[in-house]
Amino acid sequence: MGSRGEERRRAGGGAGGLLGRSRRRQQRRPGMGPPGSRGSSTARGSLQHLLLFLLFVGPFNCFASYSRATELFYSLNEGLPAGVLIGSLARDLRLPTTGGQRPVAPQPPLSFTLASRGLGGQYVQLDNRSGELLTSAVEIDREALCVESSGATVFGEAAAASSSSPSSESCLLLLDVLVLPQEYFRLVKVKIAIRDVNDNAPRFPVPHIRLSVPENAPVNTRLAIEHPALDPDVGTNGVQTYRLRDNYGVFTLDVEENESGERTPYLIVMGPLDRETREEYVTVIIAEDGGTPPLVGSATLTIGISDINDNCPQFSDSQLNVTLYGNSSLGTHVATVHAVDMDLGSNAQITYSYSQKVPQPSRHLFHLDESTGTITLSSKVDGDTPRLHRLIILGNGPGCIPAVITVLVTIIKVMMRPPEVVPRFIANEAEGVVYLKELEPINTPIAFFTIKDPDEKYKVNCYLDGDGPFRLSPYKPYNNEYLLETTKPLDYETQQLYEISVVAWNSEGFHVNKIIKVQVLDDNDNSPVFSQQLIELSIEENNVPNAFLTKLHATDADSGERGQVSYFLGPDAPSYFSLDKTTGVLTVSTQLDREEKEKYRYTVKAVDSGFPPRESIATVTITVLDKNDNSPRFINKDFSFFVPENFPGFGEIGVISVTDADAGQNGWVALSVLNGSDIFVIDTGKGVLRAKVSLDREQQSSYVLWIEAVDGGDPALSSTAKITILLLDINDNPPLVLFPQSNMSYLLVLPSTLPGSPITEVYAVDKDTGMNAVIAYSIIGRRGPRPESFRIDPKTGNITLEESLMQNDYGLYRLLVKVSDHGYPEPLHSTVMVNLFVNDTVSNESYIESLLRKEPDISIEEKQPQISMEPTHKKMESASCMPTLVALSIISLGSIALVTGMGIYICLRKGKKQHRADENLEVQIPLNGRINLHMLEKKPMEISNI
């Protein structure tokens, strides 16, 4: 958290009560003097000018009195989280707040605003009311913010206006804050010093450092390490020390600091070095900073010991004894001397020469190769040649005293001449080397050899010495003639060069050998061979174009161009696969789709460059691995299911079919209901949709569900489908009579009513739909003076007068109306009592009511009512419904008879209770006038349900 900061006042005021000093700049506009100046202007001007002057100058004078420029200093650590308090501007500026103890006049609220949100503004948050300055969500990284390692680094909108002189390690954020309102207006320059924390470890610029030290370096030799470690942190958090993990007892490290504070490690030699004993030291150099806890970085340090010429050539022996026959041919190898110098490079170069003590005849007889030290016979030995030669040979090194070895050569004189071997080559020969093709047949002749005895006194024999498929046999009928030939085919891949000797010796035991080299020439007899005959590959689908598959490798045992292999795709390979002819790199140029094709199988060829070329074939199989790139797919986007209402809970409504083209876990699909999950559930595995509860069409006729299918990929893909569930109606609701509302209500019918006039109506509804809601009205029971005087319309329920009423027809008529639907498989019905009182007036209501209370003695008519094909809420044309009505009437005839009988039985059993209940349901009808029953409120009230 940052410190409180410090404020320094430049003019007026005392200490601000902050952690440091404060300074304020009292600004005064030009032309504004002390208060006495206004009095002098009043004396010089008129009253009118005085007023104008005061109106113009007054506001600016007030503004100038409270305008100040202030500087605040804060500091905080880098890397702090959001919301850390840096400082409170209101408290540090000592601005009046509402929490003061002294009663003050009402003041406008303070407002703090950043003048502009530059680079520094993104790192802080300023509370506009309290003036609290907090860290923002953007973390401050001092190393990224202050990239310069020396001098003050300033960031913010006021960077150019900074007048302070921070330390060499300062990293400042500069902010300009405006304090309002006008009474407290000031421009506050906030400087925030970012303190470094040890959040970076030292790091060497290269992972491997190599240093060379001469082996004759004296103790305390200092060698600078050219790649010191770097640490973006500063001060003690930067690199402080270096050390070696293993100093081998001969090295140590020291650190030197220059004027700019940079620390450079130096390697110090603490003991003697000898390259011939050990030429390299490998250790680890570790850099450590001064943080708490300290952080370290390391690199491999290889110390190479460079050679100096501190060793001279040396012979392992001081004398070498050699015997040479006097009949040796020119160029015969006599001896080889070899000296050793432990140094390297030019320091170890050795040349050989004869000492000046070697006489000239010996120098002429024996040749000394100055580079290899080989001594050969360079002149023919005759009778005058001395038998003993003392050859003193010097081994010379740069800057060294020569090493000396003595070679004593004893020559044995031979009186007879050795046998002679004269070759005559049949095969191609050059400089003693015979060239044969590997495909040459067996018994291929190579050369004739003629064996001669120069003295013609001794018998000479001949034989072949050496390994190989060769045979030397006498060539008959000639004497001393021998034929060299092959005994089996040569194979270049098995052995390319043979060295054999034809040896001739006489009876005195004198040997002569003729060395012959046989070079086997390669032929294109080998086909390329793949390292694998079946190359099994795999690649994820949706690969990038030109994706690498594998690198084919085939070898050919032949040499030269015959062994150079080229690669080709077989004719069965798809065109989007490519095979580099030279490197054998197999690529695919397009994206593969596992859902389109999962496996590829084709051949590749390896062809050599021989003539004629030879080839071999391998098979490549590529398995395209699945990626979750396909969302689950429903068979249909919209599913519709028709379910009868009252369907049992957890019954199968339908099956949701969904597929996923992916494989394995990516193709596993889980189904869930997005909406309506409290009613419906779906079987994830089988896709069976079920309802948890029984469904009632009268409560809700349809449901729209959204089903989500989610696969098992990572990340998972999903899709949705719309499910519409339509409930099919079943006849589970009887008609509900809405009017009349009570069996105890009655209607006055005047005797003067004309026949055919409507009297009243029975109005009922059915909550079902379709045929289950088609209602028919019928009178199944009548009672009255002439009850057949009234009829009911089976479709509308309107009751009309059929005949004129006579004097004898006065009285109470009771009509039992049956309201029946046409449901399947069994129609349901309700009954209602319609009471009609035929009279001129109603003079005695109590009498009528007493009649209504009596149990009516009504016989039930078995007459089937006329079937109506219209639901209560929709009129249908009778002509189009007649065939259906007739059929339904015939089907329902038996059911209606059974229901009617049961209704009569129930009515007789419960008549008394029903009679008392009906009294409470009676609708009182006024008797002082004719009542239009159609104007009554038709409230649902079920009268009877038989």
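In this text, all values refer to a predicted model and were calculated from it rather than measured experimentally.

## Observations regarding the overall build of the protein
Summing up its helical and strand segments, the protein has 8 helices and 61 strands in all. Looking at the protein as a whole, 41% of its 946 residues qualify as buried. Intrachain contacts of the protein at a sequence separation of at least 6 include 68% that bridge at least 24 residues. As displayed, the protein offers around 51200 Å² of accessible surface, 52% of which is attributable to carbon and sulfur atoms.

## Looking at unusual backbone geometry
The step from Leu180 to Pro181 runs through a cis peptide bond, and the omega angle for that step is 15 degrees. With respect to the helices, strands and loops of the structure, Pro181 is situated in the loop between strand 8 (171-180) and strand 9 (186-195). Here Phe611 and Pro612 are connected by a cis peptide whose omega angle stands at -5 degrees. Inspection of the secondary structure puts Pro612 in the loop between strand 42 (599-608) and strand 43 (615-625). Non-glycine residue Asn443 carries a positive phi angle of around 65 degrees. Topologically, Asn443 is positioned in the loop between strand 28 (433-437) and strand 29 (445-452). The backbone of Asn546 sits at a positive phi, close to 60 degrees, despite the residue not being glycine. Among the secondary structure elements, Asn546 is positioned in the loop between strand 36 (534-540) and strand 37 (547-551). Judged by its relative accessible area of 55%, Asn546 is exposed.

## Quick look at the pairing of strand 32 (residues 481-486)
Counted residue by residue, strand 32 has 6 buried out of 6 residues, so it is predominantly covered. Of the two faces of strand 32, the one holding Glu481, Leu483 and Glu485 and the one holding Tyr482, Leu484 and Thr486 are both buried throughout. The sheet contact formed by strand 29 and strand 32 spans 5 bridges and is antiparallel. Across the sheet, Pro445 pairs through a bridge with Glu485, a residue of strand 32. Note: strand 31 (residues 470-474) against strand 32, 5 bridges, orientation antiparallel. Within strand 32, the residue paired with Phe470 across the bridge is Thr486. Hairpin connection between strand 31 and strand 32: a loop of 6 residues separates the two successive antiparallel strands, and Asn480 in this loop has a positive phi of roughly 60 degrees.

## Some thoughts on the packing of aromatic side chains
On inspection of all chains with the given rule, the structure shows 17 aromatic pairs. Each ring, one from Tyr576 and one from Phe577, has its centre 5.3 Å from the other, and the planes form 40 degrees; the classification is tilted. The exposure class assigned to Tyr576 is partly exposed, which follows from its relative accessible area of 26%. Taken together, a centroid distance of 6.1 Å and an interplanar angle of 90 degrees make the contact between Tyr576 and Tyr600 edge-to-face. Remark: Tyr600 occurs in strand 42 and Tyr576 occurs in the loop between strand 39 (565-569) and strand 40 (577-579); sequence separation between them is 24 residues. When its relative accessible area of 6% is taken as the criterion, Tyr600 is described as buried.

## Things to note about the nonpolar core
In this structure, Leu89, Phe112, Val190 and Ile192 are the most contacted members of the largest nonpolar core, which totals 30 residues. Looking at this core, the elements with two or more residues in it are strand 2 (68-77), helix 3 (89-92), strand 4 (111-114), strand 5 (124-126), strand 8 and strand 9. With 5 residues, strand 8 is the single largest residue contributor to this core. Leu89 has contacts with Leu72, Tyr74, Phe112, Leu126, Gly131, Val177 and Val190, leaving out every residue within four places of it along the chain. One finds Val334, Ile405, Val407 and Val409 within the second-largest nonpolar core, a separate group that totals 25 residues.

## Notes on the state of the cysteines
All chains considered together, the criterion is met by 2 disulfides. Note on cysteine connectivity: Cys312 is disulfide-linked to Cys400, with sulfurs 2.3 Å apart. Disulfide Cys312 to Cys400: torsion about the S-S bond roughly -85 degrees, handedness left-handed. In this pair, Cys312 is assigned in the loop between strand 16 (296-306) and strand 17 (314-315) and Cys400 in the loop between strand 24 (388-396) and strand 25 (403-412), connecting sequence segments 88 residues apart. The class of Cys312 is partly exposed, set by a relative accessible area of 33%. Note on Cys400: relative accessible area 16%, which makes it buried. Cysteine pairing for the protein, with bonded cysteines counted in sequence order: 1-2, 3-4.

## A word on helix 6 (residues 845-853)
Of all the positions in helix 6, only Ile848, Glu849 and Leu852 are classed as buried. One face of helix 6 carries all of its buried residues, which in axial projection span an arc of 100 degrees.

## Regarding the environment of Lys599
In this structure, Lys599 sits in strand 42. For the pair Lys599 and Ile622, spaced 23 residues apart in sequence, the C-alpha to C-alpha distance is 5.7 Å. Discounting residues that sit within four places of it in the chain, Lys599 has contacts with Ile622 and Thr623. A polar contact is formed between the side chain of Lys599 and the side chain of Thr623, at a distance of 2.9 Å.

## Some thoughts on the sheet that holds strand 57 (residues 775-783)
Overall, mixed pairing links the 4 strands, which are arranged 54-61-60-57 in an open sheet. One side of each edge strand has no neighbouring strand; the edge strands of this open sheet are strand 54 (746-749) and strand 57. Neighbouring strand axes in the sheet, compared pairwise and without regard to direction, differ in orientation by 30 degrees on average. Relative to strand 61 (residues 829-838), strand 54 runs parallel, the two sharing 4 bridges. Residue pairing in the sheet places Leu747 in a bridge with Leu836 of strand 61. Across the sheet, helix 6 is in contact with strand 54, strand 60 (811-821) and strand 61; its angle to strand 60 comes to roughly 45 degrees.

## A few points about the pattern of salt bridges
Across all of its chains, the model carries 19 salt bridges by this definition. In this structure, Asp176 and Lys189 form a salt bridge, with 3.5 Å as the shortest nitrogen-oxygen distance. In this pair, Asp176 sits in strand 8 while Lys189 sits in strand 9, placing the two residues 13 residues apart along the sequence. For the salt bridge of Glu595 with Arg594, the shortest nitrogen-to-oxygen distance reads 3.2 Å. By relative accessible area, which is 25% here, Glu595 ends up partly exposed. Residues joined by salt bridges that share partners form a network here, namely Arg275, Glu276, Glu279 and Asp307.

Calculation rules
Residues numbered from 1 in each chain as written. Predicted model: local features only at pLDDT ≥ 70, side-chain atom pairs only at ≥ 80, totals over all residues. Heavy atoms only, no water. Helix = DSSP H or I, 4+ residues; strand = E, 2+ residues; numbered from the N terminus. Buried < 20%, exposed > 50% of the residue type's maximum accessible area, 1.4 Å probe, protein only. Contact = heavy atoms within 4.5 Å. Areas by Shrake-Rupley, 256 points an atom, 1.4 Å probe, with all protein chains shown as cover. Pairing = 2+ DSSP bridges. Phe/Tyr/Trp six-rings, centres within 6.5 Å; stacked < 30°, edge-to-face > 60°. Core = buried A, V, L, I, M, F, W, Y, C linked by side-chain atoms within 4.5 Å. Disulfide = S-S within 2.5 Å. Arc of directions from axis to C-beta. Polar contact = N/O pair within 3.5 Å; in protein donor to acceptor, adjacent residues only side chain to side chain. Axes fitted to C-alpha atoms, helices over the stretch in contact; angles between N-to-C directions. Salt bridge = Lys/Arg side-chain N within 4 Å of Asp/Glu carboxyl O.

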